[in-house]
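Structural overview for review
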Amino acid sequence: MNQGKANIHPIAQLGSPVLRLKAAEVEIENILDDEVQQLINQMMTTVSEAGGVGIAAPQIHHSLRIFIMCSKPNTRYPDAPLMQPTAIINPEILRYSHDKVKDWEGCLSVPSIRGLVPRYNQIIVSYFDQQGNKKQKELSGFLARIFQHELDHLNGLTFIDQVESTQDLISEEEWYRQIAIT
Ligand code: ZN
């Protein structure tokens, strides 16, 4: 299925029970352990190979509160900002903006569907990084959207749970035909 690339993990698809679990916190003193570091590296490789801008540990069948953000311009998100792949461990949202903005999302675990998803446009977040340092940041726009999408995965949710109406779901083929070109 994946040309024998041993480091690439099969991505859990919608219906897989692991995507519906509330993931467990990572013990802070374990962040530097090989097990956690290898999981982070596997997630980084997998999301890169899949061309995604984020991936959460449950998507590679580990129910732990870790995700990767790796926004970059690509064919799926041509306007995405460029950033170094960043591991986000035990994430929390401390503050939300009042306003939500609707924009299109896809998901490596929900192939062939796009949804118009309302998300807070600005958030203040905290998390531990791959070295175990506590971080606090303000995120806005597309990066705030990725953070909220990936945090949902740690709480057993996917973007299709967050759309206001099933009318806001379309096929990826129609998304490319109607939206991507404009
Ligand atoms: Zn996703």
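Look a little higher up for the structure.
First, a word on what this report is: a plain description of the structure on this page. Source: prediction; values computed, not measured.

**Some words on helix α1 (residues 34-50)**
Here α1 is 17 residues long and its end C-alpha atoms lie 24 Å apart, about the 24 Å a rise of 1.5 Å per residue gives. Every buried residue belonging to α1 is among Val 36, Gln 37, Leu 39, Ile 40, Gln 42, Met 43, Thr 46 and Val 47, and all of these are buried. On its buried side, α1 packs onto β1 (54-56), β2 (66-69) and β3 (86-96). A positive backbone phi angle near 75° is found at Gly 51, which sits one or two residues after α1.

**Topic: the pairing of β2**
Covered by surrounding structure in β2 are Ile 66 and Ile 68 together with Phe 67 and Met 69, the residues of both alternating faces. Bridge count for β1 against β2 is three bridges, and the pairing is antiparallel. Looking across to β2, one finds that Ile 55 is bridged to Ile 68. Sheet topology places β2 next to β3; four bridges connect them, and they run antiparallel. Bridge pairing in β3 places Met 69 opposite Thr 86.

**What to know about the side chain of Arg 114**
The residue Arg 114 is located in strand β5 (residues 110-120) in this model. A distance of 3.4 Å separates the side chain of Arg 114 from the side chain of Glu 172, its partner in a polar contact.

**Some thoughts on unusual backbone geometry**
One non-glycine residue, His 61, lies in the positive phi region at around 70°. Within the element layout of this structure, His 61 appears in the loop between β1 and β2. Although it is not a glycine, Ser 112 adopts a positive phi angle of roughly 75°. Relative to the assigned elements, Ser 112 resides in strand β5. For Ser 112, a relative accessible area of 46% puts it in the partly exposed group.

**Focus on the pattern of salt bridges**
Summed over all chains, the structure comprises 10 salt bridges. Residue Glu 105 pairs with Arg 119 through a salt bridge whose shortest N-O separation is 2.8 Å. Taken as a pair, Glu 105 in strand β4 (residues 100-107) and Arg 119 in strand β5 lie far apart in primary sequence, 14 residues in all. Of the two residues examined, Glu 105 and Arg 119, each falls in the buried class. Glu 174 is the partner of Arg 177 in a salt bridge, and the nearest nitrogen-oxygen pair spans 2.5 Å. Separated by three residues within a single helix, Arg 177 and Glu 174 lie in helix α3 (residues 172-180), roughly one turn from each other.

What counts, and where the lines are drawn
Residues numbered from 1 in each chain as written. Predicted model: local features only at pLDDT ≥ 70, side-chain atom pairs only at ≥ 80, totals over all residues. Heavy atoms only, no water. Helix = DSSP H or I, 4+ residues; strand = E, 2+ residues; numbered from the N terminus. Expected span 1.5 Å × (residues − 1). Buried < 20%, exposed > 50% of the residue type's maximum accessible area, 1.4 Å probe, protein only. Contact = heavy atoms within 4.5 Å. Pairing = 2+ DSSP bridges. Polar contact = N/O pair within 3.5 Å; in protein donor to acceptor, adjacent residues only side chain to side chain. Salt bridge = Lys/Arg side-chain N within 4 Å of Asp/Glu carboxyl O.

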